[in-house]
Amino acid sequence: MYSFITLISAWSIPVIIAFIPLFAAYKKVPVYESFVEGAKDGFQTAISIIPQLVGMMVAISVFRASGAMDLLISAIRPVLDYVGVPGEVLPLAILRPLTGSGSLAYTADLIGQFGPDSIIGRIASTIQGSTDTTLYVLTVYFGAVGIRKAGYALKVGLISDIVGFLASILICYLVFG
């Protein structure tokens, strides 16, 4: 099972990168011109989301610096310890919906501390790949296009993050023991 997953991981990105321009050329799409046009649009989008991005970064900094994250972790950790979930990955479950770079830094710290082949390192890596920065996406991208009512998207996004967190733990224990 492990070697099959490794094989898929090694070949998926190169196959996708090769497939897209080949398929576009087959469909007679001007690949380079389309890329340049998309890059121009992406740059304009990046400029327009700066205010939402700054606001989100300030909110995350206040959340962490105020001790609210530590309080939340200390409240939830006994339940996770009881069911056998490593408490070290709990801050990652809280950070991941908020910030991609913050959760990546925390994942790197976990891997540096416990090793990439430890169950904690594998769970952290799987959480990093199977959940999303829900609040970041809602704040930045919904704000950039003017969507103001994001309640349902917030609920669905956070539920999917919880499912991704729990599935990551379950799958890692099943695959890696």
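In case you missed it, the structure is sitting above this.
The rules we used
- Residues numbered from 1 in each chain as written.
- Predicted model: local features only at pLDDT ≥ 70, side-chain atom pairs only at ≥ 80, totals over all residues.
- Heavy atoms only, no water.
- Phe/Tyr/Trp six-rings, centres within 6.5 Å; stacked < 30°, edge-to-face > 60°.
- Helix = DSSP H or I, 4+ residues; strand = E, 2+ residues; numbered from the N terminus.
- Expected span 1.5 Å × (residues − 1).
- Buried < 20%, exposed > 50% of the residue type's maximum accessible area, 1.4 Å probe, protein only.
- Contact = heavy atoms within 4.5 Å.

(A) Spotlight on the packing of aromatic side chains. All told, the structure shown has two aromatic pairs when counted by the stated rule. Ring geometry for phenylalanine 19 and phenylalanine 23: centres 5.5 Å apart, planes at 20 degrees, overall stacked. Linking phenylalanine 19 with phenylalanine 23, this pair stays in helix α1 (residues 2-26), spanning four residues, or about one helical turn. Relative to tyrosine 26, the ring of phenylalanine 23 has its centre 6.4 Å away and its plane inclined at 35 degrees; by these criteria the two rings are tilted. With phenylalanine 23 and tyrosine 26 both in helix α1 and three residues apart, the pair spans about one turn of that helix. In this structure an aromatic cluster arises from ring pairing among Phe19, Phe23 and Tyr26.

(B) Spatial organisation of helix α7 (residues 119-130). Here α7 spans 16 Å end to end across twelve residues, near enough to the 16 Å set by a 1.5 Å rise per residue. For α7, every residue scored as buried is listed here: Ile120, Gly121, Arg122, Ile123, Ala124, Ile127 and Gln128. Where α7 is buried, its residues touch α1, α5 (90-95), α6 (100-114) and α9 (151-176).

(C) View of the environment of proline 51. Within the element layout of this structure, proline 51 appears in helix α3 (residues 50-65). Placed 24 residues apart in sequence, proline 51 and lysine 27 show a C-alpha to C-alpha distance of 39 Å.

(D) Representation of unusual backbone geometry within the structure. Here lysine 28, not a glycine, exhibits a phi torsion of approximately 60 degrees, which is positive. Among the secondary structure elements, lysine 28 is positioned in the loop between α1 and α2 (31-48).

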